[in-house]
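Here's the letter readout for the chains.
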Amino acid sequence: MAVTAREVKALRDRTGAGPLDCKKALEQHEGDLDAAAIFLREKALKDGIKLQGKGRSANEGIIGSYVHFDQRLAVIVEVNCETDFVAATEQFKSFAKDIAMHIANMNPQYVKREDVPETQVAAESRLQLERALGEGKPERIAEKIVAGRLNKWYEEIVLMEQAFIKDDDKTIEQYLQETVADVGETINIGRFQRFKVGGEN
């Protein structure tokens, strides 16, 4: 079917994908804007995962920052990429700022699940097991409940597993993969620090 320039523009505005990719997606989905947008988002995630999986070094980047409107809360975050060219782009800067704003509002404790100390995971596992058993659940079922509750706990404290504050249909991990696909380079979120007046981080 023929796709109009207006339809291509509408899809570009929604997804940020290139005009040719938008045209192809619309043709494949018979002009269905929603279906084409979902297709492009999934494609971006796959492309981003492939790029991240190549193990290329990311030694360039910027420090993203965010200061809350009341001047009582601020975040700085290190976001790395492969080249200073990408680090200077508006898209990369916007990504870093978004991550800093998200951290300010959602207060994660760690970047990745692997960063959570094993002692803390073990303590939380024991707590959730005791809670499940205290609710009268058989031990076999309690262990499955613990696994589910641990996943929810990780979503609360791990940045990459949190729902992105500006679009809760995607996680920070998915937002990162989409950005990787767009800029064509590996991106890593490094250290971050959250500051709050009164000393509470």
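Reading the values: rules and limits
- Residues numbered from 1 in each chain as written.
- Predicted model: local features only at pLDDT ≥ 70, side-chain atom pairs only at ≥ 80, totals over all residues.
- Heavy atoms only, no water.
- Helix = DSSP H or I, 4+ residues; strand = E, 2+ residues; numbered from the N terminus.
- Axes fitted to C-alpha atoms, helices over the stretch in contact; angles between N-to-C directions.
- Parallel < 35°, antiparallel > 145°, perpendicular 65-115°, else oblique.
- Left-handed = near helix turned anticlockwise from the far one by under 90°.
- Contact = heavy atoms within 4.5 Å.
- Nonpolar A, V, L, I, M, F, W, Y, C, P; charged D, E, K, R; others polar.
- Pairing = 2+ DSSP bridges.
- Buried < 20%, exposed > 50% of the residue type's maximum accessible area, 1.4 Å probe, protein only.
- Lys, Arg positive; Asp, Glu negative; His and termini not counted.
- Salt bridge = Lys/Arg side-chain N within 4 Å of Asp/Glu carboxyl O.
- Expected span 1.5 Å × (residues − 1).
- Core = buried A, V, L, I, M, F, W, Y, C linked by side-chain atoms within 4.5 Å.

Participant: So what exactly am I meant to see when it comes to unusual backbone geometry here?
Facilitator: A positive phi is found at glutamate 30, a non-glycine position, where the angle reads about 50 degrees. Phi is positive for glutamine 71, which is not a glycine, with a value near 65 degrees. Note on placement: glutamine 71 falls in the loop between strand E1 (60–67) and strand E2 (73–81).

Participant: Even after reading the chapter, I still don't get the packing of helix H6 (residues 118–134) against helix H7 (residues 139–157), so can you show me in this structure?
Facilitator: Two quantities define a packed helix pair, namely the angle between the helix axes and the distance between the axes. Running from N to C, H6 and H7 cross one another at 130 degrees; their axes reach a closest spacing of 9 Å. With respect to H7, the element H6 is oriented oblique. Like other packed secondary-structure pairs, H6 and H7 cross with a definite hand, here right-handed. Residues Gln120, Val121, Glu124, Ser125, Gln128, Leu129, Arg131, Ala132 and Leu133 of H6 touch H7, and the partners they reach there are Glu139, Ala142, Ile145, Val146, Arg149, Leu150, Trp153, Tyr154 and Ile157. For the contact of H6 with H7, the per-class residue count stands at eleven nonpolar, three polar and four charged.

Participant: Help me out: how do you make sense of the sheet that holds strand E5 (residues 188–196) in this one?
Facilitator: Hydrogen bonding along the main chain pairs the strands of a sheet, whether they run parallel or antiparallel. Across the sheet, three strands lie side by side as E1-E2-E5; this open sheet has antiparallel pairing. A strand with exactly one partner marks an edge of an open sheet, and here the two such strands are E1 and E5. Adjacent strand axes in the sheet meet at a mean angle of 15 degrees, parallel and antiparallel pairs treated alike. Pairing geometry for E1 and E2, over eight bridges, is antiparallel.

Participant: What's the story with the side chain of glutamate 124 in this structure? I'm lost.
Facilitator: Tracing the chain through its elements places glutamate 124 in helix H6. Buried and unpaired, glutamate 124 has no salt bridge, with arginine 131 as the nearest side chain of opposite charge at 5.9 Å. Ignoring sequence-local partners within four residues, the contact set of glutamate 124 consists of Leu150 and Trp153.

Participant: Help me understand H7, please; the structure alone is not making it clear to me.
Facilitator: Because an α-helix packs 3.6 residues into every turn, residues spaced three or four apart end up facing the same way. Compared with an ideal rise of 1.5 Å per residue, which puts 19 residues at 27 Å, H7 spans 26 Å between its outermost C-alpha atoms and is within 8% of the ideal. Those residues of H7 that sit buried are Ala142, Ile145, Val146, Leu150, Trp153, Tyr154 and Ile157. Buried positions along H7 lie against H6.

Participant: Would you mind going over the nonpolar core with me for this structure?
Facilitator: In a soluble, globular protein the nonpolar side chains are often hidden away together inside. Judged by nonpolar contacts, the single largest core of 28 residues is most densely connected at Val77, Phe95, Ile99, Ile187 and Ile189. For this core, the secondary-structure elements that each account for two or more residues are E2, helix H4 (84–87), helix H5 (90–106), helix H8 (172–183) and E5. The dominant element in this core, judged by the number of residues it contributes, is H5, at eight residues.

Without other data, these values stay purely geometric and don't point to any function.
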